[in-house]
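# Results of the structural survey
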Amino acid sequence: MATQTKAAPQTTDRELWSELMDFYIEEAWILDERRFHDWLDLFTEDAFYFMPRRKNVYRRDLAKEFSGPGDLALMEEHKTDLQMRVARLDTGMAWAEDPPSRTRHLVGNLAIQSVDGDEVHCKTAFIAHKSHLETDQDLYTGARHDILRRVDGQWKIARRTVLIDANVLLSKNLSIFL
Amino acid sequence: MVATKKYSIIDTETGALDRRIFVDEAIYREELEKIFGRAWQMIGHVSLVPNRNDFFHTYMGEDPVILTRDNNGQLHAFLNMCRHRGNRIVRADEGNSKNFMCTYHGWTFSNDGRLEHVPGVSEAYYDALAMDELSLIEAKVDTYAGIVFATWDHEAPSLEAYLGDARWYLDVSFNRRDGGTIAYGPQKWLEPCNWKTPVDNCSDNYHVPVTHLSSMLAKNKLIGTPRTTQQEMATSIDRRHLFVNGHSLTFAEVDEKTPRAGHGMTAANRHLFEAYQLDTLPEVERRLGSKRARGMQLNNHSLFPNGVLGFRLALPRGPLMTEFWHFAIVDKDAPEDIQGYLRWGLGGNNGVAGLFEQDDIDNWRQVSLSATSPLARKYSQWLSMGRGHTTDNHPEYVGHVSERYISESNQRNFYTRWEEFMNADSWADISIEPIAADYQGSATLNS
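Everything numeric in this text was worked out from a predicted model, so none of it was measured.

### Regarding the pairing of strand 4 (residues 119-132) of chain A
Residues and elements named next belong to chain A. The sheet contact formed by strand 3 (residues 102-116) and strand 4 spans 12 bridges and is antiparallel. Following the sheet pairing, Arg102 is matched in strand 4 by Ser131. Linkage of strand 3 to strand 4, two consecutive antiparallel strands, is achieved through a turn of two residues, within which Gly117 is found at a positive phi near 65°. Taken together, the 14 bridges between strand 4 and strand 5 (residues 136-151) define a ladder with antiparallel strand orientation. By the bridge assignment for strand 5, Thr124 is matched with Arg144.

### Thoughts on the pairing of strand 3 (residues 41-45) of chain B
Residues and elements named next belong to chain B. Within strand 3, five of the five residues are buried, which leaves it mostly tucked inside the rest of the structure. Bridging between strand 3 and strand 12 (residues 147-151) involves four bridges; their strand directions are antiparallel. In the strand pairing of strand 12, Gly44 is matched with Val148.

### Observations regarding the layout of surface pockets
Residue and element names in this part refer to chain B. For the second largest pocket, the calculated volume is near 620 Å³. Along its surface, the second largest pocket is lined by 34 residues, and Val46, Ser47, Leu48, Pro50 and Ile182 are the ones closest to its centre. Examining the composition of the lining of the second largest pocket, we find that five residues originate from one element, strand 13 (residues 181-191), more than from any other. Looking at side-chain class alone, the lining of the second largest pocket contains nine nonpolar, 14 polar and 11 charged residues.

### Observations regarding helix 12 (residues 409-423) of chain B
The end-to-end C-alpha distance of helix 12 of chain B, which contains 15 residues, comes to 21 Å, matching closely the 21 Å that a straight helix rising 1.5 Å per residue would cover. For helix 12 of chain B, the tally of buried residues reaches 12 of 15 residues, placing the bulk of the element in the interior.

### Quick look at the domain arrangement of chain B
Residues and elements named next belong to chain B. The domain architecture assigned to chain B consists of domain 1 (41-141) and domain 2 (165-429). Averaged C-alpha coordinates put domain 1 and domain 2 at centres separated by 34 Å. Across the contact, 14 residues belong to domain 1 and 21 residues belong to domain 2. Each partner contributes to the roughly 1,200 Å² buried at the junction of domain 1 and domain 2, and carbon and sulfur atoms together form 66% of this total. For the domain 1 face of the interface with domain 2, the top three residues by lost area are Met42, His45 and Tyr59, together amounting to 45%. In this assembly, domain 1 and domain 2 are joined by one salt bridge. Here Lys188 makes a salt bridge to Asp93, at a shortest N to O gap of 3.5 Å. The element contributing the most residues to the side of domain 1 that touches domain 2 is strand 3, with five residues.

### What to know about the packing of helix 3 (residues 166-174) of chain B against helix 8 (residues 270-295) of chain B
All names here are of chain B. Two numbers describe how helix 3 lies on helix 8: the axes approach to 10 Å, and their chain directions differ by 90°. By the angle class used here, helix 3 and helix 8 are roughly perpendicular. Only Leu288, Lys291 and Arg292 of helix 8 make contact with helix 3, whose side of the interface consists of Arg167, Trp168, Asp171 and Val172. The class makeup of the residues in the contact of helix 3 with helix 8 is three nonpolar, no polar and four charged.

### Notes on the packing of helix 1 (residues 25-34) of chain B against helix 12 of chain B
Residue and element names in this part refer to chain B. For the pair helix 1 and helix 12, the least separation of the axes is 9 Å and the interaxial angle reads 80°. Here helix 1 lies roughly perpendicular to helix 12, going by the angle between them. Residue-level contacts link Ile27, Glu30, Glu31 and Lys34 of helix 1 to Trp418, Phe421 and Met422 of helix 12. A class-by-class count of the residues in the contact of helix 1 with helix 12 yields four nonpolar, no polar and three charged.

### Let's talk about the environment of B:Arg167
Residues and elements named next belong to chain B. As for its position among the elements, Arg167 is in helix 3. Along the chain, Arg167 and Thr444 lie 277 residues apart, while their C-alpha atoms are 9.5 Å from each other. Not counting the four nearest positions on each side in its chain, Arg167 is found in contact with Tyr144, Glu160, Arg292, Tyr439, Ala443, Thr444 and Leu445.

### Let's talk about the side chain of B:Glu323
Checked against the element boundaries, B:Glu323 lands in strand 19 (residues 322-331). Owing to a relative accessible area of 8%, B:Glu323 belongs among the buried residues under this scheme. At 3.1 Å, the side chain of B:Glu323 forms a polar contact with the side chain of B:Arg317. In this structure the side chain of B:Glu323 is engaged in a polar contact, spanning 2.7 Å, whose partner is the side chain of B:Trp325. Look past the residues within four positions of B:Glu323 in its chain and what remains in contact with it is A:Val168, B:Lys188, B:Trp189, B:Leu190, B:Leu313, B:Ala314, B:Leu315 and B:Arg317.

### Brief notes about the sheet that holds strand 2 (residues 16-17) of chain B
Residues and elements named next belong to chain B. Read from one edge of the open sheet, three strands run 1-2-20, paired in antiparallel fashion. A single partner strand is all that each edge strand has here, and the edge strands are strand 1 (10-11) and strand 20 (381-382). Where strand 2 and strand 20 come together, two bridges link them in antiparallel fashion. The partner of Ala16 across the bridge, within strand 20, is Trp382.

### Examining the nonpolar core
By size, the foremost hydrophobic cluster in this structure holds 121 residues, and its most contacted members are A:Trp39, A:Leu178, B:Tyr169 and B:Trp418. Tallying contributions element by element places helix 1 (residues 14-32) of chain A first for this core, with seven residues. Other than its neighbours up to four places away in sequence, B:Trp418 contacts B:Tyr7, B:Ile9, B:Ile21, B:Ile27, B:Glu31, B:Ile35, B:Trp195, B:Lys196 and B:Phe304. Residues B:Phe55, B:Ile89, B:Trp107 and B:Phe109 belong to the second largest nonpolar core, which totals 15 residues.

### Digging into the interface of chain A and chain B
At the interface, 39 residues of chain A touch 45 residues of chain B. For the pair chain A and chain B, the summed buried area comes to about 3,500 Å², and 56% of that belongs to carbon and sulfur atoms. Per-residue buried area on chain A facing chain B is highest for A:Leu72, A:Met84 and A:Arg88; these three make up 19% of the total on that side. The tally of links between chain A and chain B comes to five salt bridges. The residue A:Lys172 makes a salt bridge to B:Asp362 at a minimum N-O spacing of 2.9 Å. One can count 29 residue pairs in polar contact (both at pLDDT 80 or more) joining chain A with chain B. When residues in the side of chain A that touches chain B are grouped by element, the largest group, seven residues, is from helix 3 (residues 79-90) of chain A. Grouping the amino acids of the side of chain A that touches chain B by side-chain chemistry returns 17 nonpolar, 10 polar and 12 charged.

Each value, and the rule that gives it
Residues numbered from 1 in each chain as written. Chains lettered and ligands numbered in written order. Predicted model: local features only at pLDDT ≥ 70, side-chain atom pairs only at ≥ 80, totals over all residues. Heavy atoms only, no water. Pairing = 2+ DSSP bridges. Helix = DSSP H or I, 4+ residues; strand = E, 2+ residues; numbered from the N terminus. Buried < 20%, exposed > 50% of the residue type's maximum accessible area, 1.4 Å probe, protein only. 1 Å grid on protein atoms, 1.4 Å probe; cavity = no way out; pocket = protein on both sides within 12 Å on 5 of 7 lines; lining within 4 Å. Points joined across faces, edges and corners; volume = space filled by probe spheres on them. Nonpolar A, V, L, I, M, F, W, Y, C, P; charged D, E, K, R; others polar. Expected span 1.5 Å × (residues − 1). Domains from an automatic or database assignment. Contact = heavy atoms within 4.5 Å. Buried area = accessible area lost by both parts, 1.4 Å probe. Salt bridge = Lys/Arg side-chain N within 4 Å of Asp/Glu carboxyl O. Axes fitted to C-alpha atoms, helices over the stretch in contact; angles between N-to-C directions. Parallel < 35°, antiparallel > 145°, perpendicular 65-115°, else oblique. Polar contact = N/O pair within 3.5 Å; in protein donor to acceptor, adjacent residues only side chain to side chain. Core = buried A, V, L, I, M, F, W, Y, C linked by side-chain atoms within 4.5 Å.

Right, dumping it as structure tokens:
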């Protein structure tokens, strides 16, 4: 699922790289400090958040490793759907997250793949740890392929594809944001 | 041979349920044999193996199973076990292959189960290996509305008899269109609970307004989905809770305009669902007759032993672990936008990240875990709701029909069915209710 590089010379722009890395660090703190309305503000109005299923297939079938559009995904969310998830938490009765998880998102390995006007295609790797109730622990690892768009001088996520590394998820649910 | 009754875990008079069945390792081992070794189980869907030589890897209980469509188009379900030492011969979720080679010593089986090739069969085995007797272990396979079922027990009754009149109700969701259904998925994840709890939960309409209130409120606020109150659930008389031939069903009596599959329906797209309902009504009525086409909507249900709300599976992984598989099953001939909304809605409600299902799991888990305590085990689960308010002679509906939508009648019956399987020496000891419903319309088990 590598995105085509459209403008190779700009991918060496250290200033842009630092700017985007700051964005991802800030996003991680927002998530881990449970400022979910601030997190929603990081998305454009037309944002699409997509997490395909990851299949365990032979090397010859790697083209089918991720479920594609039109297939069942783990998450396929427009902004309204993400807002619905946050509204749920706000009720105080979203039992999967009440008491809430204690999360830690580590994001790195930022690679800028292309710059196209106000949009940047980039990918990062993440490790997210979830501690829940008394002793539950889940570890999620994967990659995020994002399209970030500059809107009124601020970077926003226009599209996020979360490529999770697990086939069978070793967790009781996916109740946190990745 | 008369079975010696061994398990008495549910008192149907009081609804007291023995908690040991959720944690006891010996009971669990026996379940694998007496339930998962015997019962018809959903294992796949024809759309997962659409082409010749396609395979899809699945499970029956803990046993790994390869669903294949052989070179002649015939479906098979094989234990994924090399007959030599027992290594798995398939290690991927799906693919296309005429044969499967064991990566240990190279024994190779065709996708119709025959042992085709053994390295050194002349030299090392001196041509003394009875290759004909070493085919893959094969389960009996049949399909209902595109869903593939299998059983290890070749003495089991037909799938049609096993589903019995549950099919009369299931048809309302799964057997509507001439083109059949298509399955997307599965999502797979581990739920740390006993496999029976999510199955029993499918008839627990009581929990919905409590466990899932946050999701109903959020959906109501952002996409205009109507929310159901506890009062409506408890008092509505146009919804039913019934048990038939081992299977748990709930449904609603609705008018002909009400969209039948509501997952993914929002205030904004509701008109598309309504149009789909009315556009397809003549076809559905031809297939199912007017009562089922015009007046019924299937709601939560479970198929014995481990089918959970549609084509979703609770696969046992030890007494306190369940691997959950979520498929979205939709009408194959539905327009692309309806399919998309349904797929999104089914996953968004009940998948691993589903708004609804994520709130279920800690309930289920703690219900299971409570049984690990010798102290807690002294106190039964209490499934007394609606006792004495179920009839076997409903004028319209076949089965053990409760007066209200909220009842624990199905749960009492589910654990009684469990007891029946566990106490039976063979299928001869397991009851099958005769098919008695009026199957109007042209739809059959497989078409």
